[in-house]
Amino acid sequence: MSVRRGYDTILIAIVAVLLILGLVMVQSSSGPVAADRMGDAWHYVRRQGLAMGVGVVGCIGLAVSPHSWLRKYCWAFYAAVLVGLCAVFAFDPVNGARRWMGVGGVNLQPSEFAKVACVLCLADYLDAHAGKLHDLKVLGKALLIPAPLMGLVLAEPDFGTTCIIGGMAFITLYVGGLRSRYIYGLMAAGVALAVPALMFATYRMERVNSWLDPWQDASGSGYQVIQSLIAFHSGGLTGRGLGESQAKHLFLPEPWTDFVASVLAEEMGLIGIFCLLALYGALVWRGLAIARQSQDVFGSLLATALAATLGLQAFFNLGVVMGIVPPKGLVLPFVSYGASAIMAHLLCI
């Protein structure tokens, strides 16, 4: 039976606003530095726009493709992502991490696509074994889907993305009908694995300490958080005005990436941040509404997990720049600079 395809115009409008806002903020936050270093204030904006164009083509391509294609090719996509995650270790590290692979002058970050691959394959597996998550064998095989992705991403190292993939998998399992005793067991196992991962990595403990008391090392691990808080304070209610941020002038390192919301807060104030939060809230709401309307378990699980992924990443990024959660190195969906992230997030849409 053929199913009539529909398109959520509200979701499309929300994403369009976020994409336009992202280009504006990338230009505002990177312009002075790009002009000084490269003699081109629009350098990062052009690169972001190109990645956005590729992502929009992919987004539209998936939207018009038969629904069955997602299930048919999801495992091939998963395998390609695994190869990419292994391949990054052959490239030189950037800032101490091996997260990128250079292809024709473009740096791709496979871990961004790992989130999508994990949700796709987990939703496919749970749909094929609907109502059987009480079986330990079925649950064990389900857990084997995110495990290699998380292991490779953690080895890069990228603790933040590892947590996001783990959180997505947990949400997918929960929505898929995971029983309470297994929920508590997985939560306990997650804590048991996360604590050593934090304690045995000095730089991660420094991030935790800088979150608890950034002033303890104001010129070191706490520097970015302090400068971000100053930017938020300087913005006040209505902001200094677009393009008038002081934090982007070499106070915040590369503010067009993880800390772009700090520049937004300084230039657009508390009102601008509230509007940004409202956009992400509306994005998650539309994702969950689509999940409720889905006609199969696969679609419902997929929409729920992808909406949660975008919401979680936005929450953690904004939490970091506001000093609510420890620094994790996660970009702000659709707004931060990053080719792989913008393409992966548009595939989620």
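Remember, predicted model here, so these are calculated numbers, not experimental data. (Residues numbered from 1 in each chain as written. Predicted model: local features only at pLDDT ≥ 70, side-chain atom pairs only at ≥ 80, totals over all residues. Heavy atoms only, no water.)

A. Region of interest: the overall build of the protein. Within the protein one finds 13 helices and two strands. Taking 20 Å as the expected radius of gyration for a compact globule of 349 residues, we find that the protein reaches 20 Å, a close match to that expectation. The principal-axis extent of the C-alpha atoms belonging to the protein is close to 55 × 45 × 40 Å. Across the 349 residues in the protein, those meeting the buried criterion constitute 46%. Within the protein, contacts between residues separated by at least 24 positions form 71% of all contacts whose residues are at least 6 apart in sequence. About 16,600 Å² of surface is accessible on the protein, with carbon and sulfur atoms providing 67% of the total. Separation between the mean location of the 22 positive side-chain charges and that of the 19 negative ones in the protein comes to 11 Å. (Helix = DSSP H or I, 4+ residues; strand = E, 2+ residues; numbered from the N terminus. Rg over C-alpha atoms; globule rule 2.2 N^0.38 Å. Buried < 20%, exposed > 50% of the residue type's maximum accessible area, 1.4 Å probe, protein only. Contact = heavy atoms within 4.5 Å. Areas by Shrake-Rupley, 256 points an atom, 1.4 Å probe, with all protein chains shown as cover. Lys, Arg positive; Asp, Glu negative; His and termini not counted. Charge placed at Lys NZ, Arg CZ, Asp CG, Glu CD.)

B. Structural detail: a nonpolar patch on the surface. A cluster of nonpolar side chains, Tyr7, Ile12, Val56, Ile60 and Val64, forms an exposed patch at the surface whose accessible area comes to about 470 Å². The biggest single contributor to the nonpolar patch is helix 2 (residues 43–64), with three residues. Topologically, isoleucine 12 is positioned in helix 1 (residues 9–38). (Patch = residues over 30% accessible without salt bridge, like charges linked within 9 Å, V, L, I, M, F, W, Y side chains within 5 Å. Salt bridge = Lys/Arg side-chain N within 4 Å of Asp/Glu carboxyl O.)

C. Broad picture of helix 11 (residues 260–293). Between the first and last C-alpha of helix 11 there are merely 34 Å, a value that for 34 residues lags more than 12% behind the 50 Å anticipated at 1.5 Å per step. Maximal helix bending in helix 11 amounts to about 125°, located at methionine 268. (Expected span 1.5 Å × (residues − 1). Bend = angle between axes of the 7 residues up to and from the residue.)

D. Looking closely at the packing of helix 1 against helix 11. Relative orientation of the contacting elements helix 1 and helix 11 amounts to 155°, with a least axis distance of 10 Å. Taken together, the axes of helix 1 and helix 11 are roughly antiparallel relative to one another. Classified by chirality, the crossing of helix 11 by helix 1 is left-handed. Split by residue class, the contact of helix 1 with helix 11 holds 19 nonpolar, two polar and two charged. (Axes fitted to C-alpha atoms, helices over the stretch in contact; angles between N-to-C directions. Parallel < 35°, antiparallel > 145°, perpendicular 65-115°, else oblique. Left-handed = near helix turned anticlockwise from the far one by under 90°. Nonpolar A, V, L, I, M, F, W, Y, C, P; charged D, E, K, R; others polar.)

E. Representation of the packing of helix 6 (residues 146–155) against helix 7 (residues 159–175) in the model. Across the interface, helix 6 lies against helix 7 with an axial gap of 8 Å and an inter-helix angle of 165°. In terms of orientation, helix 6 and helix 7 fall into the roughly antiparallel class. By crossing handedness, the relation of helix 6 to helix 7 is classed as left-handed. Across the interface between the two elements, Pro146, Met150, Val153 and Leu154 from helix 6 touch Phe159, Thr161, Thr162, Ile165, Gly166 and Ala169 from helix 7. When grouped by side-chain class, the residues that make up the contact of helix 6 with helix 7 number seven nonpolar, three polar and no charged.

F. Structural view of the side chain of glutamine 227. Position of glutamine 227 among the secondary structure elements: in helix 10 (residues 223–235). Filtering out sequence-adjacent residues up to four positions away, glutamine 227 remains in contact with Phe251 and Leu252.

G. Inspection of the packing of aromatic side chains at higher detail. Scanning the model with the defined rule gives five aromatic pairs in all. An angle of 90° between the planes, with centres 6.4 Å apart, marks the rings of tryptophan 69 and tyrosine 73 as edge-to-face. You can see tryptophan 69 and its partner tyrosine 73 sitting in helix 3 (residues 67–87), four residues apart, about one turn around the helix. Take tryptophan 69: its relative accessible area is 46%, and that puts it in the partly exposed class. The exposure class assigned to tyrosine 73 is partly exposed, which follows from its relative accessible area of 44%. Aromatic pair phenylalanine 315 and phenylalanine 316: ring centres 5.4 Å apart, planes at 65°, arrangement edge-to-face. Three or more aromatic residues joined by ring pairs form one cluster here, namely Tyr44, Trp256 and Tyr337. Taking NZ or CZ as reference, arginine 71 lies 4.9 Å from the ring centre of phenylalanine 298, over its face. Above the face of the tyrosine 182 ring, arginine 181 is positioned so that its terminal group lies 4.9 Å from the ring centre. (Phe/Tyr/Trp six-rings, centres within 6.5 Å; stacked < 30°, edge-to-face > 60°. Lys NZ or Arg CZ within 6 Å of the ring centre and 35° of its normal.)

H. Examining the pattern of salt bridges more closely. According to the stated counting rule, one finds seven salt bridges in the structure shown. Salt-bridge contacts for arginine 71 lead to aspartate 124; the nearest nitrogen and oxygen are separated by 2.7 Å. Of the two residues, arginine 71 sits in helix 3 while aspartate 124 sits in helix 4 (residues 110–128), which places them 53 residues apart along the sequence. Taking the relative accessible area as the measure of exposure, aspartate 124 reaches 12% and is therefore buried. Taken together, the shared-partner salt bridges connect Arg71, Asp124 and Asp127 into one network.

I. Here's a closer look at the side chain of lysine 115. Considering the arrangement of structural elements, one finds lysine 115 in helix 4. Side-chain polar atoms of lysine 115 contact the side chain of glutamine 313, separated by 2.6 Å. (Polar contact = N/O pair within 3.5 Å; in protein donor to acceptor, adjacent residues only side chain to side chain.)

J. Summary view of the nonpolar core. Leu18, Leu276, Leu283, Leu332 and Phe334 are the most contacted members of the largest nonpolar core, which totals 77 residues. The element contributing the most residues to this core is helix 4, with 12 residues. In contact with leucine 283, not counting residues within four places along its chain, are Leu11, Ile14, Val15, Leu18, Leu310, Phe334 and Ile349. Ranked by size, the runner-up nonpolar core spans seven residues in total, among them Ala34, Tyr44, Val45 and Trp256. (Core = buried A, V, L, I, M, F, W, Y, C linked by side-chain atoms within 4.5 Å.)

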